[in-house]
Amino acid sequence: MFVTPAFAQGAPAAAPGGADFLIQLLPFLLIFVIMYFLILRPQQKRVKEHREMIKNVRRGDTIVTAGGIIAKVVKVTDDSEVQIEIADNVRARLSRAMISEVKTKGEPVKTDGA
């Protein structure tokens, strides 16, 4: 009664899981791939570099804490803490996770070589 012959003769119904579904899913997959390469992958690289930097902190390094304090590493106590010197004779213990940057490296360990 209200249905015109043009609507009644429309495109045949697609089977579920057909090509139309893949075409509709393609933009979402493309967005995910772009986000992975532009956001997730560089962030993972930065986290890995920061982890290596924190692991390699040694006595004599000048560091910047997460709070913005610039200090010198006096002693590496264990895997999770370092002892820092903020000013002359002012020492504090700091969690390695709070180190945001290593400014200058300390002197290398002296060897008895020629």
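Residues numbered from 1 in each chain as written. Predicted model: local features only at pLDDT ≥ 70, side-chain atom pairs only at ≥ 80, totals over all residues. Heavy atoms only, no water.

> Please set out the nonpolar core residue by residue, giving values where relevant.
By size, the foremost hydrophobic cluster in this structure holds 10 residues: I54, V57, I63, A71, V73, V82, I84, L94, I99 and V102. Where this core is concerned, the elements lending two or more residues are β2 (70-76), β3 (81-87) and β5 (99-104). In contact with I54, other than residues within four places in its own chain, are R96 and I99. (Core = buried A, V, L, I, M, F, W, Y, C linked by side-chain atoms within 4.5 Å. Buried < 20%, exposed > 50% of the residue type's maximum accessible area, 1.4 Å probe, protein only. Helix = DSSP H or I, 4+ residues; strand = E, 2+ residues; numbered from the N terminus. Contact = heavy atoms within 4.5 Å.)

> Any chance you could break down unusual backbone geometry for me, citing the residues and the numbers?
What is expected of a backbone is that most residues other than glycine have negative phi and most peptide bonds are trans. A positive phi angle, near 60°, is found at N89, a position not held by glycine. Judged by relative accessible area, which is 74%, N89 ranks as exposed.

> Tell me about the UniProt feature "transmembrane region" (unreviewed entry) in the chain, and name the residues and values.
With numbering matched to this structure, UniProt assigns "transmembrane region" (unreviewed entry) to residues 21-40. Along residues 21-40 the backbone is 100% helical and 0% strand, and the end-to-end C-alpha distance reaches 27 Å. (UniProt positions renumbered as here; feature names shortened; annotations may be inferred.)

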